[in-house]
Amino acid sequence: MTEAVIIGVGLHPFGRFPGKPALDMGADAVRLALADAGVNWPQIQGGYIGSYEVANPDAIVGRLGLTGIPLRGVFNGCATAGTAIASAARAIETGEHDLTIAIGLDKHPRGAFAADPSVAGIPSWYGQTGLFLTTHFFGMKINRYMHDHGISHETLARVAAKNFRNAAGNDKAWRRTPLTPEEILASPVLNYPLRQYMYCGPDEGAAAIVLCRADQAHKYTGKPVRVRSTALRSRRLGAFEVQSPSFPAGEPVASPTVDASRAAYELAGIGPEDVDVAQLQDTDAGSEIIHMAENGLCKDGEQERLIAEGATEINGRLPVNTDGGLLGNGEPIGASGLRQIHEIVLQLRGTAGTRQIPGTPRVGYTHLYGAPGASAVTILST
């Protein structure tokens, strides 16, 4: 099977851009990715584009050029971008296309995501009691995890402080003001134990990734980044996930993150010990902590020591969310996972500037997780 490699990346800044449509942000990101790859839009043979707010994101061709290519819309909650990059890579691996693109864009209103619970097959009482808010779920989830595995409030604050500090060195991040752990702990509690500055926020932005056949990469770049594996998993019976209306009885069932992670490692032929830099879904500071273990990067409870030691800092043993993650960038759902890919590509190229991790990183890892219990993992390497 032909291998897919990344030859170009583009990122529109994340934040708030009044008066600028999501499609225009997406077109800007595509143009940056095309320029980075050294190709023109008419050369792209097919693509996959994801968005939550834009009903027909494939309308972006009106901004880029009506070339008649198949541009398929995809949506999979917070794992949307993982689905887009996996589909673009698969089209190359199967021989359908030689040059593809993955695009993500969104423009969310202020405030937490909200909807009628019936869209997720959940009774109305679930929303009436406030449980349909994802902020509530993540607060309950990390509260139990802290109790079971000895994670402190200080560790939550250290994670958030790290991500805001990393975002300060990212000119495309939204929240670029560093905060100390003490300032974060002093902010109001939103859903115990999570405080105001421990949550990400919905915002606006776009990203694009250009891929090609590995045997043709030399025509475009001297530093292609290999797509070693992609994996997507949904929840299994008995798992406690976003929008679960009850806590399951009996033995705990692994999160889809655990399943996606194991599948991705197996497909890539590597293990967690080979990962040099990671991007993990930090919907909140607690999620990053939980996902460190769910992705095999440590054991449950080891996060307390690792984070205190600075292991996840840019100069640490396993840097996590070097561009600020969701806490620093916010989450435009369609684009968020491609932002992760963008950052890993920069790190593997050695072009991340002040955020560049030491040494010569060879393996990068990205992870997405969201409602109603879907997780996507992508492993990249030089």
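Above this text you will find the structure in question.
Residues numbered from 1 in each chain as written. Predicted model: local features only at pLDDT ≥ 70, side-chain atom pairs only at ≥ 80, totals over all residues. Heavy atoms only, no water.

A.B. asks: Would you mind showing me how to read the pairing of strand β2 (residues 46-50) here?
C.D. replies: Moving residue by residue along a regular strand, the side chains alternate between the two faces of the sheet. The buried count for β2 comes to five of five residues, which makes it a mostly enclosed element. With burial as the criterion, each face of β2 is covered, one bearing G46, Y48 and G50 and the other bearing G47 and I49. Where β2 lies against strand β4 (residues 99-107), five bridges are found, and the strand directions are parallel. By the bridge assignment for β4, I49 is matched with I103. (Buried < 20%, exposed > 50% of the residue type's maximum accessible area, 1.4 Å probe, protein only. Helix = DSSP H or I, 4+ residues; strand = E, 2+ residues; numbered from the N terminus. Pairing = 2+ DSSP bridges.)

A.B. asks: Even after reading the chapter, I still don't get the sheet that holds strand β7 (residues 204-213), so can you show me in this structure?
C.D. replies: Sheet strands line up and pair through hydrogen bonds in the backbone, either parallel or antiparallel. With mixed pairing, the nine strands of this open sheet are ordered in space as β3-β2-β4-β7-β1-β8-β11-β10-β9. Looking at strand neighbours, the two that pair on one side only are β3 (71-74) and β9 (277-279), the edges of this open sheet. The mean angle between the axes of side-by-side strands here comes to 20°, regardless of whether they run parallel or antiparallel. (Axes fitted to C-alpha atoms, helices over the stretch in contact; angles between N-to-C directions.)

A.B. asks: Please explain the nonpolar core as it appears in this structure.
C.D. replies: Soluble, globular proteins show a tendency: their nonpolar side chains are buried together. Ranked by size, the top nonpolar core spans 49 residues in total, and within it L156, I184, V275, Y365 and I379 carry the most contacts. Of all the secondary-structure elements, those providing two or more residues to this core are α5 (134-149), α6 (153-168), α8 (256-268), α9 (285-294), α10 (303-309), α11 (325-329), β10 (363-370) and β11 (374-381). Beyond its immediate sequence surroundings of up to four residues, I379 is in contact with R226, V227, R228, S229, A264, Y265, A268, I270, V363, G364 and Y365. Formed by 33 residues, the second largest nonpolar core is a distinct cluster that contains I6, A88, I92 and L211. (Core = buried A, V, L, I, M, F, W, Y, C linked by side-chain atoms within 4.5 Å. Contact = heavy atoms within 4.5 Å.)

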